[in-house]
Amino acid sequence: MIQPKYIREKQWDGYKNRDFLKKDKDKVTVLFNYIERRKSFFLRSFFKRNGFKYEDLGDYILEDVRWGKEYGNRMECNPMYFTGGSLLRNLFRIEKETGLSKEEIVEKYVFVGGGGQCGPCRYGMYPQEYMKALDDAGFKNFRLIIFSTGFTRDKVDKNSALKINLPFRIGMLQSSILADLFHAAECAIRPYAVDKESAMEVISRAEEHVNKAFGQRFFFLKLPKALKEAGEMIAAIPKKDISLPKILVTGEIFANLAHNAGNYNIRRFIMDEGCEALPGYLTQRIMYDMWRMIKNYDRFVKYAENYKDKIKYTLVRIQIKARRRFVEFFWDTYIKHFNPGSFGAKMEFHDLDLIGELGEPYYHPEIFGGEGNLEIGEAIYYADKVDGFISSKPFGCMPSSGVSDGVMAKIMHEKPELNFLSIETSGDNEVSILSRVSMLLFKAKEKYNKKILQNDFVSIKKQEL
Ligand code: SF4
């Protein structure tokens, strides 16, 4: 009998990830980036304050997709190729710049990255995918420090140099909120600035100013003043006295919030084409994660098999609600000092219960994975509030395929006033994607001008009466 070429003899347990131990802290550099430049820019301060050697890998670039595809598995989702590809690109750059061998790089560097959500999403596969690509690229046994979404608890080893524990999560949360503040500032200023280049320079200087305070040991004493001063610098930027059509961009977290090649830098494109892009906040996405976890635990409590389980699930639910309060506290406090209203930025969270209710007839809010019901609920909520609505969906994204390509067809049918466009971010095809966005913007401008004419007509009629 001919034997098959490969016989599975035992269960494959995946690639093993070595720990980054305290004893190696001084010899090892922590590499990191997540979603976009501003977020990792502020996270630098956490590493600085905690005595790590670190290197911020910054924004993703188009070349990352090529690296990701060359060493990753076929048919991964696009953020996997961008994030994994960025790590590989930088490791090869380090090899070239330092002259270190691959084996030396494996010992001298670690990477902090995300992974871990399950459900109809590939995020849970990220760590193994990173390790597969690193292995194939010759960086065998490279160490990864993985944090999961939702600011949940992970197992902490007492000898680990970098623990995904409460201080780290608070550092990430604070960095995310600070990045959101400056993103809101850019969205409020960029399309209206008298001189766009110098306005962006002022925003960069304000960022540096805040991060300098954030990087200090007693940053909590310095940060309020720095935020206030940064807000004042931004409020002083000269703006044109005009109003513009409003465009909302939504979709999967990376495709929505990567303000770089990861989503064709779509908000900046919109703003530079004469429309206002509403900001997209990572903190809002963190709130959604906690909202969906509370929904989960509501069900666990309801269907608990016994009284002991009921108590256990109730306590976890209380804990998540407390964490949500914690996020709101930082958000409200930083906003109070930064005063985004002084330069025309609005920083409010969605009412997630309302978004869930609106979307429920089309997509049950308890179907989790990716962005769940968010895009659908937002489309219904914003149908008469914005002039254009764009869903940015990564190539190969499983949850977004069901939503942006599936359910949204029904929403468009029922809400014809929604000027809707779904784009797929694959890392290439930029010209054709942005030309489709241009067409949406053209329609948005028409819609907006019609609205202005109607309003003018109504006010003239009122004056005549
Ligand atoms: S939501 Fe989609 S794009 Fe994002 S990690 Fe999951 S499968 Fe990939």
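Being a predicted model, the structure only gives us computed values, none of them experimental.

**Description of the site of the ligand**
Thought 1: Around the ligand, the structure places Cys 77, Pro 79, Cys 121, Arg 122, Tyr 123, Tyr 126, Glu 252, Gly 370, Pro 394, Cys 397, Met 398 and Pro 399.
Thought 2: Of the residues that constitute the shell around the ligand, the class distribution is nine nonpolar, one polar and two charged.
Thought 3: Inspection of the shell around the ligand shows a minimum of three residues originating in each of domain 1 (22–164) and domain 2 (242–460).

**So, the sheet that holds strand β1 (residues 29–32)**
Thought 1: Taken in spatial order, the four strands line up as β2-β1-β3-β4 in an open sheet, and their pairing is parallel. Each of the sheet's edge strands pairs with one partner strand only, and the pair in question is β2 (53–56) and β4 (143–147). Between one strand axis and the next, the sheet turns by 25° as a mean value, whatever way the strands run.
Thought 2: Taken together, the four bridges between β1 and strand β3 (residues 109–114) define a ladder with parallel strand orientation.

**Topic: the domain arrangement of the protein chain**
Thought 1: According to the domain assignment, the protein chain consists of domain 1 (22–164) and domain 2 (242–460).
Thought 2: For domain 1 and domain 2, the distance between their C-alpha centres works out to 27 Å.
Thought 3: Contact residues are listed per partner, giving 27 residues for domain 1 and 32 residues for domain 2.
Thought 4: Together, the buried faces of domain 1 and domain 2 total about 2,300 Å²; carbon and sulfur atoms form 61% of this surface.
Thought 5: Our count for the domain 1 to domain 2 interface comes out at zero salt bridges.
Thought 6: Of all elements in the fold, only α1 (37–49), α2 (63–71) and α3 (78–98) reach the threshold of two or more residues within the side of domain 1 that touches domain 2.

**With respect to the environment of Ile 390**
Thought 1: Residue position: Ile 390 is located in strand β7 (residues 388–394).
Thought 2: Ile 390 gets classed as buried once you look at its relative accessible area, which sits at 0%.
Thought 3: Taking the C-alpha atoms as reference points, Ile 390 and Leu 257, separated by 133 residues in sequence, lie 13 Å from one another.
Thought 4: Among all residues touching Ile 390, those that are not within four sequence positions of it are Ile 247, Leu 248, Val 249, Thr 250, Ile 266, Ile 270, Leu 421, Ile 423, Val 437 and Leu 440.

**Section: the pairing of strand β8 (residues 420–425)**
Thought 1: By the criterion of burial, β8 is predominantly enclosed, with five of the six residues buried.
Thought 2: Relative to β8, β7 is paired through six bridges, and the arrangement is parallel. Across the sheet, Phe 389 pairs through a bridge with Phe 420, a residue of β8.
Thought 3: In terms of handedness, the path from β7 via helix α15 (residues 398–414) over to β8 forms a crossover that is right-handed.

About the criteria used
Residues numbered from 1 in each chain as written. Predicted model: local features only at pLDDT ≥ 70, side-chain atom pairs only at ≥ 80, totals over all residues. Heavy atoms only, no water. Near = heavy atom within 4 Å. Nonpolar A, V, L, I, M, F, W, Y, C, P; charged D, E, K, R; others polar. Domains from an automatic or database assignment. Pairing = 2+ DSSP bridges. Helix = DSSP H or I, 4+ residues; strand = E, 2+ residues; numbered from the N terminus. Axes fitted to C-alpha atoms, helices over the stretch in contact; angles between N-to-C directions. Contact = heavy atoms within 4.5 Å. Buried area = accessible area lost by both parts, 1.4 Å probe. Salt bridge = Lys/Arg side-chain N within 4 Å of Asp/Glu carboxyl O. Buried < 20%, exposed > 50% of the residue type's maximum accessible area, 1.4 Å probe, protein only. Right-handed = clockwise from strand over helix to strand, strands pointing away.

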